[in-house]
Amino acid sequence: MNPLRPRLSWGLPLLLLLLAACGGNSRPAPPPATIAPPPPTPAAPAPVKVGIALGGGAAKGFAHIGVIKMLEANGIQPVVVSGTSAGSVVGALYASGMDPFQMQKQAFALDETKIRDVRLFSGGLVQGQALQDYVNELLGKRPIEKLQKPFAAVATQLETGQRTVFVRGNVGQAVRASSSIPGVFEPVVIGKATYIDGGVVSPVPVDAARQLGADFVIAVDISSKASGTRPGSMLGIVNQSITIMGQKLGEQELARADVVIRPRVNEIGPADFEQKNNAILEGERAAMAVMPQIREKLDQLRRQRLAAHAAKTAPVAPAKPKCDDEGFRLGKLWGGKKKCE
């Protein structure tokens, strides 16, 4: 018997099987390796929206220009603006895109007789149409919603005493309504309602700045304060009583501001337009006096936002496995380790 036959009998089929396996492997090649995309980068926290609320005070309102000038010089630029009475005039100009130096130039060029349209048949009151036209002319007749910064002018509805915040429409008309001091200006009719000075209900419009989306409100208070002396006439008593009422009302809203700037303009009368330069300088001094406080509070708010953002975007640590006490005991009996899920 040939000793090679058993080997050939199983070797040849095995060789044919291997060749068939190699030749018949028609499975597709695996796809190439890919790299997983990185996780999306979380958005940075939104910047702090600084708002400025400019109070009423007639000719004292020029102090607002000095305040804004110093804020911008120190890198603090309000992005929303609200104003009452004289503050609405300055606020409208600032929201339109004018810088403080342009506003100062307009202030020095202002001839107050051009905006004092007295009507004899209304008891000698100022009509206010000239003020409305003056503001609209400076702003190129743009409506409020077309200004560069969100702007609100606060007025008082005469029929109900309701605070009204104008954020759309005719800028000059809104400023006129906000500035219609009772006994000095004629009330303004807009639609079916009549409006007077916003200082009656909101001497410094902090809440209006919040409504516009401000996270941090700088309020500028130029309102008159009680003189500290007893008035010698009935008219003086009435004026001081009104001043005290406005002072108490303003304190409630000012408490909701982050920082309050109080220029020393109490000695400037409501019609002392020749004191505009002094008012601007007092605004500058008052703003610089509180600048460290503004910086500190802004930095604190920014740190809080960064901490909240970091906490929200931090990776979640995996939960620790729970261990089965009974399994642990059984494992110890058999010499094993602690059994965990």
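Residues numbered from 1 in each chain as written. Predicted model: local features only at pLDDT ≥ 70, side-chain atom pairs only at ≥ 80, totals over all residues. Heavy atoms only, no water.

## Focus: the overall build of the protein
Turning to step 1, where the next piece is worked out: Along its length, the protein carries 10 helices and 10 strands.
Turning to step 2, where the next piece is worked out: Taking as baseline every contact in the protein between residues at least 6 positions apart, the subset at least 24 positions apart corresponds to 73%.
Turning to step 3, where the next piece is worked out: On the protein, roughly 20300 Å² of surface is accessible, and the fraction owed to carbon and sulfur atoms is 59%. (Helix = DSSP H or I, 4+ residues; strand = E, 2+ residues; numbered from the N terminus. Contact = heavy atoms within 4.5 Å. Areas by Shrake-Rupley, 256 points an atom, 1.4 Å probe, with all protein chains shown as cover.)

## Some points on the side chain of Ser-88
Turning to step 1, where the next piece is worked out: By the secondary structure assignment, Ser-88 is in helix H3 (residues 86–95).
Turning to step 2, where the next piece is worked out: With near-sequence residues (within four places) excluded, Ser-88 lies in contact with Gly-83, Phe-151, Ala-153, Val-175, Ser-178 and Ser-179.

## Quick notes on the packing of aromatic side chains
Turning to step 1, where the next piece is worked out: According to the stated counting rule, one finds two aromatic pairs in the structure shown.
Turning to step 2, where the next piece is worked out: Note on Phe-62 and Phe-273: the rings are 6.1 Å apart at their centroids and 80 degrees apart in plane angle, and the pair reads as edge-to-face. Taken as a pair, Phe-62 in the loop between strand S1 (50–54) and helix H2 (63–73) and Phe-273 in the loop between strand S10 (259–261) and helix H9 (276–313) lie far apart in primary sequence, 211 residues in all. With respect to burial, Phe-62 and Phe-273 carry one shared label: buried.
Turning to step 3, where the next piece is worked out: On the numbers, 5.3 Å between centres and 70 degrees between planes, the contact of Phe-166 with Tyr-195 is edge-to-face. Of this pair, Phe-166 sits in strand S6 (residues 163–166) while Tyr-195 sits in strand S8 (residues 193–197), placing them 29 residues apart in sequence. With respect to class, Phe-166 is no different from Tyr-195; both count as buried.
Turning to step 4, where the next piece is worked out: Lying across the ring of Tyr-94, Lys-149 places its NZ or CZ 5.0 Å from the centre. (Phe/Tyr/Trp six-rings, centres within 6.5 Å; stacked < 30°, edge-to-face > 60°. Buried < 20%, exposed > 50% of the residue type's maximum accessible area, 1.4 Å probe, protein only. Lys NZ or Arg CZ within 6 Å of the ring centre and 35° of its normal.)

## A short note on the packing of helix H4 (residues 100–109) against H9
Turning to step 1, where the next piece is worked out: In contact at an axis separation of 10 Å, H4 and H9 are set at 155 degrees when each is read in the N-to-C sense. What the angle tells us is that H4 and H9 run roughly antiparallel. Residues Gln-104, Ala-107 and Phe-108 of H4 form the contact with H9, whose own contacting residues are Lys-276, Asn-277 and Ile-280.
Turning to step 2, where the next piece is worked out: Class assignment of the residues belonging to the contact of H4 with H9 gives a composition of three nonpolar, two polar and one charged. (Axes fitted to C-alpha atoms, helices over the stretch in contact; angles between N-to-C directions. Parallel < 35°, antiparallel > 145°, perpendicular 65-115°, else oblique. Nonpolar A, V, L, I, M, F, W, Y, C, P; charged D, E, K, R; others polar.)

## With respect to the nonpolar core
Turning to step 1, where the next piece is worked out: Phe-151, Val-171, Phe-216 and Ile-294 are the most contacted members of the largest nonpolar core, which totals 61 residues.
Turning to step 2, where the next piece is worked out: Tallying contributions element by element places H9 first for this core, with nine residues.
Turning to step 3, where the next piece is worked out: Formed by 14 residues, the second largest nonpolar core is a distinct cluster that contains Val-204, Val-206, Ala-209 and Ala-257. (Core = buried A, V, L, I, M, F, W, Y, C linked by side-chain atoms within 4.5 Å.)

## Topic: unusual backbone geometry
Turning to step 1, where the next piece is worked out: A positive phi angle, near 55 degrees, is found at Ala-58, a position not held by glycine.
Turning to step 2, where the next piece is worked out: Looking at the element boundaries, Ala-58 is found in the loop between S1 and H2.
Turning to step 3, where the next piece is worked out: Judged by its relative accessible area of 27%, Ala-58 falls in the partly exposed class.
Turning to step 4, where the next piece is worked out: Despite not being glycine, Lys-141 shows a phi value in the positive range, around 60 degrees.

## Notes on helix H6 (residues 171–178)
Turning to step 1, where the next piece is worked out: The buried fraction of H6 amounts to seven of the eight residues, a majority that puts the element mostly inside the structure.
Turning to step 2, where the next piece is worked out: The complete set of buried residues in H6 reads Val-171, Gly-172, Ala-174, Val-175, Arg-176, Ala-177 and Ser-178.
Turning to step 3, where the next piece is worked out: Sitting at the head of H6, Asn-170 places a side-chain oxygen 3.0 Å from the backbone nitrogen of Gly-172. (Polar contact = N/O pair within 3.5 Å; in protein donor to acceptor, adjacent residues only side chain to side chain.)

## Examining the packing of H2 against H4
Turning to step 1, where the next piece is worked out: The N-to-C vectors of H2 and H4 enclose an angle of 160 degrees; their axes lie 9 Å apart at closest approach. One finds that H2 runs roughly antiparallel with respect to H4. Taken as a pair, H2 and H4 cross one another with a handedness that is left-handed. Here H2 contributes Ile-65, Ile-68, Lys-69 and Glu-72 to the contact with H4, which in turn contributes Pro-100, Phe-101, Met-103, Gln-104 and Ala-107.
Turning to step 2, where the next piece is worked out: Residues of the contact of H2 with H4, tallied by class, amount to six nonpolar, one polar and two charged. (Left-handed = near helix turned anticlockwise from the far one by under 90°.)

## A look at the layout of surface pockets
Turning to step 1, where the next piece is worked out: Roughly 150 Å³ of volume is contained in the second largest pocket.
Turning to step 2, where the next piece is worked out: Lining the second largest pocket are Gln-106, Ala-109, Leu-110, Asp-111, Lys-114, Ile-115, Ala-130, Tyr-134, Glu-137 and Leu-138.
Turning to step 3, where the next piece is worked out: Of all the secondary structure elements, the ones that give two or more residues to the lining of the second largest pocket are H4 and helix H5 (129–138).
Turning to step 4, where the next piece is worked out: Examining the composition of the lining of the second largest pocket, we find that four residues originate from one element, H5, more than from any other.
Turning to step 5, where the next piece is worked out: Residues of the lining of the second largest pocket, tallied by class, amount to six nonpolar, one polar and three charged. (1 Å grid on protein atoms, 1.4 Å probe; cavity = no way out; pocket = protein on both sides within 12 Å on 5 of 7 lines; lining within 4 Å. Points joined across faces, edges and corners; volume = space filled by probe spheres on them.)

## Observations regarding the pattern of salt bridges
Oppositely charged side chains can form a pair if their charged atoms are brought close together.
Turning to step 1, where the next piece is worked out: In the structure shown here, the tally under the stated rule is eight salt bridges.
Turning to step 2, where the next piece is worked out: We note a salt bridge from Lys-69 to Glu-284, for which the minimum N-O separation is 2.9 Å. With a gap of 215 residues between them, Lys-69 in helix H2 and Glu-284 in helix H9 connect regions that are remote in the sequence.
Turning to step 3, where the next piece is worked out: Judged by its relative accessible area of 11%, Lys-69 falls in the buried class.
Turning to step 4, where the next piece is worked out: With a shortest N-O distance of 3.5 Å, Asp-299 and Arg-302 are connected by a salt bridge. Here Asp-299 and its partner Arg-302 are both found in helix H9, three residues apart, which amounts to about one turn of the helix.
Turning to step 5, where the next piece is worked out: The exposure class assigned to Asp-299 is partly exposed, which follows from its relative accessible area of 37%.
Turning to step 6, where the next piece is worked out: Take Arg-302: its relative accessible area is 40%, and that puts it in the partly exposed class. (Salt bridge = Lys/Arg side-chain N within 4 Å of Asp/Glu carboxyl O.)

Note that every value here comes from positions in space, so none of it alone points to a role or purpose.
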